[in-house]
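Secondary and tertiary structure notes
What follows is each chain in one-letter form.
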Amino acid sequence: QSIYPAKILKLNFSERKENAWEDSGSDELSVVFPGVIARCDGADLQIMLQKSFQEVKSRMWKDKFEQEDDEDTSSFEKIPLQIWNVSKFSSCVDAAIVGLMPPPLLELQSSQRHYCAITVGEDAVVSAYRLSEDRSRSLVGAILSRGVAATFSTISSLSKILWRSEPSPTKKSRPKPQAFAKTSPLTCLKDSPRKGERLTLSPSGTLAAITDSLGRILLLDTRALVAVRLWKGYRDASCLFVEMLRNKDKSSSSSMHLDYTKSDYCLCLAIHAPRKGIIEVWQMRTGPRLLTIPCPKGSRILQPSTRFSSSSAFSSYTPLEVYLFNGDSGQLSVLNRHIG
């Protein structure tokens, strides 16, 4: 299935299991295109993949791959997703859906959801949009859409009775691109000649680290849509959020049977500054710099889309980790989780 006829810029996979206070559904996959973002619910994607796997498995047993390949090209289901245009303020080079947000005033109250999306681009360093799942634009729009649909259905039924004709042979038509759902622009930050480059979300989606073309890193509160911190002098930098283990008492640290929980870790931001040849770890939101790690040229910081299970038999919580790829040796190592 073609989601949108453009180059895919980024795939974002978000885990929503830890946000019990936020009824945001299951895990989600978002696809970023130039000026467009699409969202697919993880549960829907899993069901679709399971059905597709079962169909492929049954075909293998029947040995009909070659016969059915040309005859039935629409046996696989379409990916259930929503797609939005997010190029109102600026061309989009990176984007992310940060979570749910309340519906706008005077809108139809329904079970549909509204999401907040953050984008970065050339004309606007950062922009924010409200993404609506509900296709009915308002109460009036809902009444009109239902009324027009009912009227069209009545006219269509009458025309079939008055003008009966032989049914024409059905032809397989190419699926049309999915229409954009409603997008409402919220705010933007324009500061020419500064251009937004990359965007990184915290695990909860409440913080976003944004790098720009002038070597600045902006820490954005995605709920209040305000900047809470700014770093300067980090050209070509890349950022990833990481959870670091807090200091423990000496008596506790000597024990080998510690059961670390989420409260034992603090959220930090790892900043890789390739021109300086270092990686810095800063405590969120306004905490100090905790670590400075030298790294050779060509190194990169990496993070898997999902958390690996804890390797320790005594830890019930899997922290968010960042991996360092050494450009000289080619080794991959985990960033130090302990704050000295």
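Here is what the cut-offs are and how they apply
- Residues numbered from 1 in each chain as written.
- Predicted model: local features only at pLDDT ≥ 70, side-chain atom pairs only at ≥ 80, totals over all residues.
- Heavy atoms only, no water.
- Phe/Tyr/Trp six-rings, centres within 6.5 Å; stacked < 30°, edge-to-face > 60°.
- Helix = DSSP H or I, 4+ residues; strand = E, 2+ residues; numbered from the N terminus.
- Buried < 20%, exposed > 50% of the residue type's maximum accessible area, 1.4 Å probe, protein only.
- Lys NZ or Arg CZ within 6 Å of the ring centre and 35° of its normal.
- Pairing = 2+ DSSP bridges.
- Axes fitted to C-alpha atoms, helices over the stretch in contact; angles between N-to-C directions.
- Polar contact = N/O pair within 3.5 Å; in protein donor to acceptor, adjacent residues only side chain to side chain.
- Contact = heavy atoms within 4.5 Å.

You'll find the chain entered in an unreviewed UniProt entry as Rab3-GAP regulatory subunit N-terminal domain-containing protein, with Aegilops tauschii subsp. strangulata given as the organism.

Side note on the packing of aromatic side chains
Each aromatic ring pair is specified by the distance between its two centres and by the angle formed by the two planes. Counted by the stated rule, this structure contains seven aromatic pairs. Here the aromatic rings of Phe 89 and Tyr 129 are separated by 5.6 Å at their centres, their planes lie at 40°, and the arrangement is tilted. Here Tyr 129 lies in strand E7 (residues 126–132) and Phe 89 lies in the loop between strand E4 (81–85) and strand E5 (92–100), a separation of 40 residues in the sequence. According to the relative accessible area criterion, Tyr 129 is buried, its value standing at 1%. Relative to Trp 282, the ring of Trp 231 has its centre 5.9 Å away and its plane inclined at 65°; by these criteria the two rings are edge-to-face. Within this pair, whereas Trp 231 is found in strand E12 (residues 226–231), its partner Trp 282 is found in strand E15 (residues 278–283), the two being separated by 51 residues in sequence. Residue Trp 231 is classed as buried on the basis of its relative accessible area, which comes to 5%. A relative accessible area of 14% places Trp 282 in the buried class. Three or more aromatic residues joined by ring pairs make a cluster, and in this case those are Tyr 4, Phe 33 and Phe 180. Between Lys 276 and the ring centre of Tyr 234, over which it is positioned, the NZ or CZ distance is 4.0 Å.

Focus on the sheet that holds E12
Taken in spatial order, the four strands make up an open sheet running E9-E10-E11-E12, and their pairing is antiparallel. Two strands close off the open sheet at either side, each with one partner strand: strand E9 (196–201) and E12. Neighbour-to-neighbour, the strand axes of this sheet turn through a mean angle of 25°, independent of strand direction. Relative to E12, strand E11 (residues 217–221) runs antiparallel, the two sharing five bridges. By the bridge assignment, Leu 220 is partnered in E12 with Ala 227.

With respect to the side chain of Asn 12
By the secondary structure assignment, Asn 12 is in strand E1 (residues 10–14). When its relative accessible area of 13% is taken as the criterion, Asn 12 is described as buried. Separated by 3.1 Å, the side chain of Asn 12 and the backbone oxygen of Ala 95 make a polar contact. Beyond its immediate stretch of four places on either side in the chain, Asn 12 contacts Glu 28, Leu 29, Ser 30, Val 32, Ala 95 and Ala 96.

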